[in-house]
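Coordinate analysis (summary)
The chain contents come next:
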Amino acid sequence: MTGKTADLHTHTNFSDGTDTPARVVELAYEAGLCALAITDHDNTDARASVQELAQRKGIELIPGIELSASLNGIEVHILGYFFDGTNPILRAHLSQQRTRRIQRVREMVARLKKLGMAIEPDEVFQLAQAGTVGRPHVARVLVQHGYVCSVSEAFSRYLADGQPAYVEGSPLAPSGIIRLVLEAGGIPVLAHPIFLKQDALIEQFVREGLVGLEVYHSSHTQEMIRRYEAMADALNLLKTGGSDYHGSSKEGLPIGASGVSYSVVEALKQWQASHSISGQ
Ligand code: AMP
Ligand code: FE
Ligand code: FE
Ligand code: ZN
């Protein structure tokens, strides 16, 4: 893997990935990774179940999460690393998100019904099982019913921000999420900045406490990577990266893609040790 040995962005079936945490760790091992962050949406439950397995395989499991934020109808994702997973403010937020996301699915289903698509919330909840429920599960039910041909069509027609069945994923703006991660002793990083579509917002997030930018991501072209590298350097942001692995729901995207050198993990640890508000 030519020196790229850490994947800092992966999903399991504790959110919208299709693989179990154990399978993700196995795949990380097969890919020759030395460090892995499972970053499920609004959920930290996967890590505990694979800590022992990861240790046996010699893979460092980094505390990680991908938190949803909303800004004027735009969906923003903030990754958090090396936070204290027992922090009460974080735990309360995740528990509220769990309830809110269930309500959000009901709202999305109601909107879809008005648009002529009859699906039931329970079909969506069944796909998510105990994990974080989200738009990909709604999209899969729409595919199952034949209302759309693919998950990506479900997003582009109905579920993506700005589309008729879109409901915001979080009541908090990025500033609130950034503060939450910092208060839990963690490191907030803007995920896949290309989806933000507005580079100008990155400077605002930096003023609000953002520490890192996910420069290396499977959706970034070489040109984007160069642009975000320059931006991160100019704004003094840590440069992170990861595959955004989702199992079979993102075909052809292997774990370890857009991975980074272990020195990035060391830089994160160093930042955490010297800056974190609450420490660990
Ligand atoms: P949610 O957490 O419910 O807001 O869903 C966000 C997730 O939906 C992202 O993490 C992706 O996995 C998936 N997603 C977002 N946009 C698209 C898209 N255009 N096509 C397919 N999947 C998408
Ligand atoms: Fe996802
Ligand atoms: Fe994301
Ligand atoms: Zn992700």
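Anyway, here's the lowdown on the structure attached to this text. Residue positions are given per chain, counting from 1 as you read along its sequence in written order. Each chain gets a letter, beginning with A, and each ligand a number, beginning with 1, in the order they are written. Note on the predicted model: pLDDT of at least 70 is required for a residue's local features to be given, and 80 or more for side-chain atom pairs to be given and counted; whole-chain, interface and lining totals, by contrast, use all residues. Where side-chain values are given, they derive from all heavy atoms of the structure, hydrogens and water being excluded.

**Considerations on helix H4 (residues 121-128)**
For clarity, the threshold we go by: For every residue, the accessible area obtained with a 1.4 Å probe (protein chains only) is divided by the maximum for its type, and the residue is called buried under 20%, exposed over 50%, and partly exposed between those limits. Elements are defined by DSSP. Helices are runs of H or I of four residues or more, strands are runs of E of two residues or more, and each kind is numbered from the N terminus. By arc we mean the arc of the directions from the helix axis to the C-beta atoms, nothing more. Contacts: residue pairs with any heavy atoms within 4.5 Å of one another.
Within the span of H4, buried status applies to Pro121, Val124, Phe125 and Ala128. Relative to the axis of H4, the buried residues are bounded by an arc of 95° and lie together on one face. In H4, the exposed positions that point more than 90 degrees away from the buried face belong to Asp122 and Gln126. Residues of H4 that are buried in the fold lie against helix H3 (88-114) and helix H5 (135-144). Taken from the residues just after H4, glutamine 129 is the one with a positive phi, measuring 50°.

**Overview of the sheet that holds strand E3 (residues 60-62)**
The test is simple: The criterion for strand pairing is that DSSP finds at least two bridges linking the strands in question. Angles here are taken between N-to-C directions and fall from 0 to 180 degrees, while the axes themselves are lines fitted to C-alpha atoms, restricted in helices to the stretch in contact.
Pairing in this open sheet of 3 strands is parallel, and the strands run E1-E2-E3 from one edge to the other. Each edge of the open sheet carries a strand with a single partner, namely strand E1 (6-10) and E3. Between one strand axis and the next, the sheet turns through 20° on average, direction left out of account. In the packing of helix H2 (residues 46-57) onto the sheet, the strands contacted are strand E2 (35-38) and E3, and the crossing angle to E3 comes to about 165°.

**Some points on the coordination of the iron ion (ligand 3)**
Short version of the rule: We call an atom a donor if it is N, O or S and sits within 2.8 Å of the metal, or 3.2 Å for Na, K and Ca. Water is not counted, so some sites may look partial.
Coordination of the iron ion (ligand 3) by the protein comes from Glu66 (OE), His77 (ND1) and His192 (NE2), over a distance range of 2.0 to 2.3 Å. The distance between the iron ion (ligand 3) and the iron ion (ligand 2) is 5.3 Å. With glutamate 66 in strand E4 (residues 64-71) and histidine 77 in strand E5 (residues 74-81), this residue pair connects regions lying 11 residues apart in the sequence. Overall, glutamate 66 belongs to the buried group, its relative accessible area being 1%. Taking relative accessible area as the criterion, histidine 77 reaches 13% and is therefore assigned buried.

**Some words on the packing of aromatic side chains**
Under the convention used in this document: Pairing of aromatic rings covers Phe, Tyr and Trp, the last through its six-membered ring, and needs centres within 6.5 Å; plane angles under 30 degrees mean stacked, over 60 mean edge-to-face, and all others mean tilted. Criterion for a charge above a ring: Lys NZ or Arg CZ within 6 Å of the ring centre, and within 35 degrees of the ring normal.
What the rule picks out here adds up to 0 aromatic pairs. Seen from the ring of tyrosine 29, lysine 57 lies directly overhead, with NZ or CZ sitting 4.4 Å from the centre.

**Thoughts on the site of ligand 1**
Our working rule: By convention in this text, a residue qualifies as near a molecule or strand provided that one of its non-hydrogen atoms is within 4 Å of it. What qualifies as a polar contact is a pair of N or O atoms within 3.5 Å, subject to a donor-acceptor requirement within protein and to the restriction that residues adjacent in sequence count only when both atoms come from side chains. Only the protein chains shown count as covering a residue, and every accessible area follows the Shrake-Rupley method with a 1.4 Å probe. Ten residues, namely Ala, Val, Leu, Ile, Met, Phe, Trp, Tyr, Cys and Pro, are considered nonpolar, four, namely Asp, Glu, Lys and Arg, are considered charged, and the remaining ones, Gly among them, are considered polar.
Lining the immediate surroundings of ligand 1 are 13 residues, of which His41, Arg101, Arg104, Arg135 and His246 lie closest. One of the side-chain N or O atoms of glutamate 75 is found 3.3 Å from an oxygen atom in ligand 1. At 3.0 Å from an oxygen atom of ligand 1 is found a side-chain nitrogen or oxygen belonging to histidine 246. Protein chains shield 75% of the accessible area of ligand 1, which is 510 Å² for the free molecule. Mapped onto the shell around ligand 1, the elements with two or more residues apiece are E5, H3, H5 and helix H6 (151-159). Tallied by class, the residues present in the shell around ligand 1 amount to 3 nonpolar, 5 polar and 5 charged.

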